[in-house]
Amino acid sequence: MATITFKDDVTGKAVQMPVLEPTHGQSVVDIGKLAKEFGYFTYDPGFMSTASCQSTITYLDGDKGELLYRGYPIEQLAEQCNFLEVCYLLLYGDLPNPEKKKIFEESIIRHDRITEGLRRFFQGFNYDAHPMAMMTAAVSSLSAFYHDRLNIRDYEHRMVTARRLIAKMPTIAAACYKHSIGDPAVYPRDDLSYTGNLLYMMFSRPGKRYEVNPVAERALDVLFTLHADHEQNASTSTVRLAGSSGCNPYAAIAAGIACLWGPAHGGANEAVLRMLDQIGDVKNVDAFMAKVKDKNSGVRLMGFGHRVYKNFDPRARIIKDICHQVLDSFGHDPRLELAMRLEEIALSDSYFIERKLYPNVDFYSGIIYSALKIPVEMFTVMFAIARTSGWISHWMEMVSEPDMKIGRPRQLYVGPVQRNVITLAQRT
Ligand code: CMC
């Protein structure tokens, strides 16, 4: 095994640290002994150089623009599989055969209802509550409704919980939306696909017939596949860290949803649409780009840049194609023209080239959601439905490790040195 030697220049002490070899990608120095041997911690804000765990689920290569789920390229999965096959792949490690696929789909249908108590839960929210706030609370509340299978040491319990979560997310998402427009929540239908059911629960109205549009159904399905997992991103790491305490999986996933909401993460697709609306017209693009490049403006080109992809985001390429297909079917959206102009300028501008900033998965996804009449506040909710499959697969992987440890990072303390409390009267 290769090693790297760490030497303390002050004491002269040297210690060899093993280098762990991956099946793909960068080698990793195991610094586990560093604190014990040297009395030093490592400092890496934002985890720029830190592998937080071992995983067999997803691999991404930022320089090559490559994304693999369990070894399968994202392009092949998006073209040849549906989202539930991808969920199965993430959870079980391989693609299902026809029989396993049927059993898995049936189990998702079996679990897609939410109890009446949970349906009433939504009535407690104000009509203008953000759907992500409702979703975070509703998912967290699942442990109060479904506590019969919460032994995290039991494989069957874990799998039932995983299937419950994947099955109930569209029902919860649609209930969030229906509450926000003052409509009654719609029960799922057994004869519809995963994304067909979501569209039906969101857009069917009492007393009216509803036909699922196959272009919308397929576009959502591909978007969900593209968003299903992305290695140790902020929300997945949040799920792992929360789950490492042994808390129930619904609580850990709710923590992940809360993290996803931020504009630097899953909230970016919402931010992209708001940005396009704010720019308004192609004639305003140059002035907007000048602001983006001005360090003091605090304005970013939302949907651009990625911590890992420094060449291109393979998901963005697939999404751009779907965006054209959806708009061909649902009608032109001037925001697509605006987005394409921003992309064109950015890809030839030295500011973006030097910083290796490319369109990410969220640059075009908002335009697709918008064409499907999904309101902006629901965009991150859509992302959360898809990412639940990844979150729960990572949680399962972590919890099944025999030597699972609670995550407990250390810090570089730069606060006041020790001092004594003085009486209230003496304090100025
Ligand atoms: N627009 C303008 N400048 C940018 C952008 C952007 N979107 N992203 C990064 N930069 C600049 C940044 O100002 C910095 O410049 P300098 O070196 O002169 O100080 C440089 O590029 C590096 O930026 P960073 O913030 O240190 O990079 P990061 O790896 O920490 O951030 C990011 C990655 C995704 C948070 C960031 O690119 C960003 O804020 N993008 C916009 C939000 C977005 O689209 N997020 C979705 C990410 S993909 C979906 C997901 O993962 O959920």
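In case you missed it, the structure is sitting above this.
Residues numbered from 1 in each chain as written. Predicted model: local features only at pLDDT ≥ 70, side-chain atom pairs only at ≥ 80, totals over all residues. Heavy atoms only, no water.

Enquirer: Is there a simple way to explain the packing of helix α3 (residues 83-92) against helix α4 (residues 98-110) in this structure?
Expert: Angle between the axes and distance between the axes are the two parameters that describe a pair of packed helices. Look at α3 against α4: their axes get within 10 Å of each other, and the N-to-C directions meet at 100 degrees. One way to sum up the angle between α3 and α4 is to call them roughly perpendicular. The residues of α4 that touch α3, namely those facing Leu 84, Glu 85, Cys 87, Tyr 88, Leu 91 and Tyr 92, are Lys 100, Lys 101, Phe 104, Glu 105 and Ile 108. For the contact of α3 with α4, the per-class residue count stands at seven nonpolar, no polar and four charged. (Axes fitted to C-alpha atoms, helices over the stretch in contact; angles between N-to-C directions. Helix = DSSP H or I, 4+ residues; strand = E, 2+ residues; numbered from the N terminus. Parallel < 35°, antiparallel > 145°, perpendicular 65-115°, else oblique. Contact = heavy atoms within 4.5 Å. Nonpolar A, V, L, I, M, F, W, Y, C, P; charged D, E, K, R; others polar.)

Enquirer: How do you make sense of the pairing of strand β5 (residues 66-69) when you look at a structure like this?
Expert: Put simply, side chains in a regular strand alternate between the two faces of the sheet. Bridging between strand β4 (residues 58-61) and β5 involves four bridges; their strand directions are antiparallel. The residue of β5 that forms the bridge with Tyr 59 is Leu 68. Between β5 and the antiparallel strand that follows it, strand β6 (residues 72-73), lie two residues; Arg 70 among them carries a positive phi value of about 50 degrees. (Pairing = 2+ DSSP bridges.)

Enquirer: Where do I start with the sheet that holds β4 in this structure?
Expert: Whether parallel or antiparallel, the strands of a sheet pair through hydrogen bonds between backbone atoms. Spatial ordering of the open sheet is given by β4-β5-β6, a layout of three strands whose pairing is antiparallel. Looking at which strands have only one partner, the edges of the open sheet turn out to be β4 and β6.

Enquirer: It is not clear to me how the side chain of Thr 195 should be interpreted in this structure. Could you clarify?
Expert: Examined against the element boundaries, Thr 195 turns out to sit in helix α8 (residues 194-203). Exposure remark for Thr 195: the relative accessible area of 1% places this residue in the buried category. Apart from residues no more than four positions distant in its own chain, Thr 195 is found in contact with Glu 217, Leu 220, Asp 221 and Phe 224. (Buried < 20%, exposed > 50% of the residue type's maximum accessible area, 1.4 Å probe, protein only.)

Enquirer: Where do I start with the site of the ligand in this structure?
Expert: Near the ligand, the surroundings consist of 22 residues, among which His 265, Arg 300, Leu 301, Gly 303 and Arg 307 are the closest. The contact in question runs from an oxygen atom of the ligand to an N or O atom on the backbone of Gly 303, over 2.8 Å. Take Asn 360: an N or O atom from its side chain is 2.9 Å from an oxygen atom of the ligand. Within the complex, the protein chains bury 75% of what would otherwise be the 940 Å² of accessible surface of the ligand. Tallied by class, residues from the shell around the ligand come to eleven nonpolar, six polar and five charged. (Near = heavy atom within 4 Å. Polar contact = N/O pair within 3.5 Å; in protein donor to acceptor, adjacent residues only side chain to side chain. Areas by Shrake-Rupley, 256 points an atom, 1.4 Å probe, with all protein chains shown as cover.)

Enquirer: Looking at this structure, how should I read the packing of aromatic side chains?
Expert: Counted by the stated rule, this structure contains 16 aromatic pairs. Here Phe 83 and Phe 224 contribute two aromatic rings whose centre-to-centre distance is 5.5 Å and whose plane-to-plane angle is 70 degrees, an arrangement assigned as edge-to-face. Pair noted here: Phe 83 is in helix α3 and Phe 224 is in helix α9 (residues 214-227), with a separation of 141 residues, a long-range link. Accessibility assignment for this pair places Phe 83 and Phe 224 in one class, buried. (Phe/Tyr/Trp six-rings, centres within 6.5 Å; stacked < 30°, edge-to-face > 60°.)

Enquirer: I would appreciate a short explanation of the sheet that holds strand β3 (residues 28-29) in the present structure.
Expert: Ordered by their spatial adjacency, three strands build an open sheet running β1-β2-β3, and the pairing between neighbours is antiparallel. Since the sheet does not close on itself, it has two edges, and those belong to β1 (3-7) and β3, each with one partner. Direction of pairing for β1 relative to strand β2 (residues 14-20): antiparallel, over a ladder of five bridges. Bridge pairing in β2 places Phe 6 opposite Val 15.

Enquirer: Looking at this model, I keep getting lost on helix α10 (residues 234-243). Mind explaining?
Expert: Three- or four-residue spacings in an α-helix give side chains the same orientation, since the helix completes a turn every 3.6 residues. Looking only at α10, the buried set comprises Ser 235, Thr 236, Val 239, Arg 240 and Gly 243. Summarising the axial view, the buried residues of α10 lie within an arc of 145 degrees, below the 170-degree limit, and thus occupy one face. At its buried positions, α10 is contacted by α11 (249-260) and α18 (379-399). (Arc of directions from axis to C-beta.)

Enquirer: Which parts of the structure should I look at to understand the nonpolar core?
Expert: Soluble globular proteins: nonpolar side chains tend toward being buried together. Among the nonpolar cores identified, the biggest contains 119 residues, and Met 135, Val 139, Phe 224, Leu 301, Leu 342, Ile 374 and Met 382 are the most heavily contacted of them. If you tally residues by element for this core, the top one is α18, at 13 residues. With residues up to four places along the chain from it excluded, the contact list for Val 139 reads Leu 165, Met 169, Ile 172, Tyr 250, Ile 253, Ala 254 and Ile 257. (Core = buried A, V, L, I, M, F, W, Y, C linked by side-chain atoms within 4.5 Å.)

Enquirer: How should I be thinking about the pairing of β2 in this particular structure?
Expert: Linking β1 back to β2 in an antiparallel pair, the connection comprises six residues, with Gly 12 at a positive phi of about 80 degrees. Summarising the sheet, β2 and β3 pair through two bridges and their orientation is antiparallel. Residue pairing for β3: Val 19 is matched across the bridge by Val 29.

Enquirer: Just checking my understanding: could you explain the packing of α11 against α18 for this structure?
Expert: The geometry of α11 relative to α18 is characterised by a closest axis approach of 10 Å and an angle of 135 degrees between their N-to-C directions. Our classification of the angle between α11 and α18 gives oblique. You can see that α11 and α18 cross each other, and the crossing is right-handed. Taken together, the residues of α18 that come into contact with α11 (itself represented by Pro 249, Ala 252, Ile 253, Gly 256, Ile 257 and Leu 260) are Thr 380, Phe 383, Ala 384, Trp 391, Ile 392 and Trp 395. Here the contact of α11 with α18 is composed, by residue class, of ten nonpolar, two polar and no charged. (Left-handed = near helix turned anticlockwise from the far one by under 90°.)

Enquirer: Looking at this model, I keep getting lost on α8. Mind explaining?
Expert: By the criterion of burial, α8 is predominantly enclosed, with ten of the ten residues buried. Burial in α8 covers these residues: Tyr 194, Thr 195, Gly 196, Asn 197, Leu 198, Leu 199, Tyr 200, Met 201, Met 202 and Phe 203.

The quantities given are spatial measurements derived from coordinates; they are silent on function.
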